[in-house]
Amino acid sequence: MASCFKLCCGRDSDRKEQKGTTWRIFSLKELHSATNNFNYDNKLGEGGFGSVYWGQLWDGSQIAVKRLKVWSNKAEMEFAVEVEILGRVRHKNLLSLRGYCAEGQERLIVYDYMPNLSLLSHLHGQHSSESLLDWSRRMKIALGSADGISYLHHHATPHIIHRDIKASNVLLDSDFQARVADFGFAKFIPDGATHVTTRVKGTLGYLAPEYAMFGKASESCDVYSFGILLLEIASGKKPIEKVNSTTKRTVTDWALPLAREKRFDEVADPKLSGKYVQEELKRVVLVALVCAQSQPEKRPTMLEVVELLKGESKEKLSTLENDELFKVDSPLQEDSSEFISEEKDPKEAKQVAASGGEVTDVS
Ligand SMILES: Nc1ncnc2c1ncn2[C@@H]1O[C@H](COP(=O)(O)OP(=O)(O)O)[C@@H](O)[C@H]1O
Ligand SMILES: [Mg+2]
């Protein structure tokens, strides 16, 4: 951890420039005054790491400040990983780092403020009743977040896996462009490695089976989570829903039979009131389901996902439609819910930290 922290924070200058963008070290005093002393009224959200507050700097610019709840080695690690990774990456669909503060036991991360908050708040939370997500916005969010993740997997060096792709970690700017956020669980994949075996972190309902069960983390785990996210965007359903008091159903178990019978209209979020582009909806649902299939080797890469979502190649779309997965007579997927032991409201979505399966950890 110490070496990881030094890489990004241990330099003499306190201002870093990267591709024309700058991040810097903030003083605790400055962040206190920007957030009105971390006033409860400024609170934007809460995650595993701590609370996030809205603030305004002396130059009038708006920021979001994530403040570590309680200091611990684990939290310090998450802080270092997030600063390290965000400080390196710049992409229109990834949340930008403005800087950080590490004074005494205080650990804070400063980002650009995203005025439309998280995708979760629009799908299931405080903004869901306003129905601001029409179909074209949903398509833009799907494509944008796919682009952001694709950049992490295929263009960042070393490659990065996010490990916690979900609706609360996709933020929306003033133009409803998606910005993938929250890099506390992210990992670098060393050159040439296919996967790393590691402690399982992430959120129930989004975890790829091979990762949840054996701790095998690779790009395809993010692809799986992204598939769940796509189904959520198209249907407005949560990753796991209670069917009755004793039974839970995953969104894939619900959507796959509908897709096989080509009943795509029934997958669409009722909040769209039938206003969507049929071809696009079908594409989103099919791509989602190939992403969220249990065998990792059958999932597409994020580069392929972006291409498929754009729908530019008729040939690739027809291959997708004819995938074995969508044959009416092929067996339904293995039940992926057997290892899902509990369901939580996404607002307080439990982050799993199972200790089993740790063989090698590259961090
Ligand atoms: N830059 C931001 N602009 C607006 N809201 C944000 C911003 N960053 C985080 N939030 C809100 O805070 C929540 C938690 O932030 P996140 O980075 O996911 O923290 P954690 O690591 O604790 O999960 C997000 O789901 C979102 O609602
Ligand atoms: Mg989060």
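Just so you know, these numbers come straight off a predicted model, no measurement behind them. Along each chain, the written sequence defines residue order, and numbers are assigned to residues from 1. Chains and ligands are labelled sequentially in the order written, the chains with letters from A and the ligands with numbers from 1. Where totals are concerned, whole chains, interfaces and linings use all residues; where local detail is concerned, this predicted model gives features only for residues with pLDDT of at least 70, and gives and counts side-chain atom pairs only at 80 or more.

Counting secondary structure elements, the protein contains eleven helices and 17 strands. The contact criterion used here is simple: two residues whose C-beta atoms, placed from the backbone, lie within 7 Å are in contact. Sequence-distant contacts, at least 24 apart, represent 68% of the contacts inside the protein between residues at least 6 apart. Comment: elements are numbered from the N terminus, with helices defined as DSSP H or I runs of at least four residues and strands as E runs of at least two.

Moving on, we come to the nonpolar core. A set of buried residues qualifies as a nonpolar core if it consists of Ala, Val, Leu, Ile, Met, Phe, Trp, Tyr and Cys joined through C-beta atoms within 7 Å. Between the buried cut of 20 or more and the exposed cut of 12 or fewer other C-beta atoms within 10 Å of a residue's own C-beta lies the partly exposed class, and all C-beta atoms are placed from the backbone. Among the nonpolar cores identified, the biggest contains 92 residues, and Leu230, Ala234, Val285, Ala288 and Cys291 are the most heavily contacted of them. In terms of residues, this core owes the most to one element, helix H7 (residues 219–235), which gives ten residues. Beyond its immediate chain neighbours, meaning those up to four positions away, Ala234 contacts Val267, Ala268, Asp269, Leu281, Val284, Val285 and Ala288.

As a further point, take the environment of Asn36. Within the element layout of this structure, Asn36 appears in the loop between helix H2 (28–34) and strand E3 (43–46). Taking the C-alpha atoms as reference points, Asn36 and Gln56, 20 residues apart in sequence, are found 9.1 Å from one another.

So, about the pairing of strand E7 (residues 106–112). With respect to burial, E7 is a largely interior element, five of its seven residues being buried. Think of it this way: DSSP has to see at least two bridges between two strands before they count as a pair. Sheet topology places strand E5 (residues 62–68) next to E7; five bridges connect them, and they run antiparallel. Paired with Lys66 across the strands is Ile109, a residue of E7. Of the strand pairs in this sheet, strand E6 (residues 97–103) and E7 are connected by six bridges, and their pairing is antiparallel. Bridge pairing in E7 links Glu103 to Glu106. Counted along the chain from E6 to the antiparallel partner E7, the turn is two residues long, and its residue Gly104 has a positive phi close to 55°.

Let's shift gears to the UniProt feature "binding site: ATP" (unreviewed entry) in the protein. UniProt positions are given in the numbering used here, feature names are shortened, and annotations may be inferred rather than shown by experiment. UniProt's feature table lists "binding site: ATP" (unreviewed entry) at Lys66, given in the numbering used throughout. When you line up the elements, Lys66 lands in strand E5. Sequence-distant contacts of Lys66, defined by excluding residues within four places in its chain, comprise Phe49, Gly50, Val52, Leu108 and Ile109.

Looking now at H7. Multiplying one less than the number of residues by 1.5 Å gives the expected span of a helix. Taking 1.5 Å as the rise per residue, H7 with 17 residues should run 24 Å; its terminal C-alpha atoms sit 25 Å apart, in good agreement. Where burial is concerned, most of H7 is hidden: 17 out of the 17 residues are buried. With its phi angle positive at about 75°, Gly236 sits one or two positions after the end of H7.

Put simply, Thr157 and Pro158 share a cis peptide bond, and its omega is -15°. Following the sequence through the fold, Pro158 ends up in the loop between helix H5 (135–154) and strand E8 (159–161). The backbone of Asn36 sits at a positive phi, close to 55°, despite the residue not being glycine. The exposure class of Asn36 is partly exposed, given the 14 C-beta atoms found within 10 Å. With a phi close to 70°, Arg163 is a non-glycine residue in the positive phi region.

This brings us to the site of ligand 1. Nearness is defined per residue: the C-beta atom, placed using the backbone, must lie within 6 Å of the molecule or strand. Lining the immediate surroundings of ligand 1 are 22 residues, of which Gly45, Gly47, Phe49, Ala64 and Asp182 lie closest. Counting residues per element, the ones that place at least two in the shell around ligand 1 are E3, strand E4 (50–56), E5 and E7. Classes in brief: Ala, Val, Leu, Ile, Met, Phe, Trp, Tyr, Cys and Pro nonpolar; Asp, Glu, Lys and Arg charged; the others, Gly included, polar. Its residues placed into classes, the shell around ligand 1 shows eleven nonpolar, eight polar and three charged.

Structurally, Leu303 is set in helix H10 (residues 302–310). On a C-alpha basis, the gap between Leu303 and Asp147 in space is 8.0 Å, while along the polypeptide they are 156 residues apart. Look past the residues within four positions of Leu303 in its chain and what remains in contact with it is Ser150 and His154.

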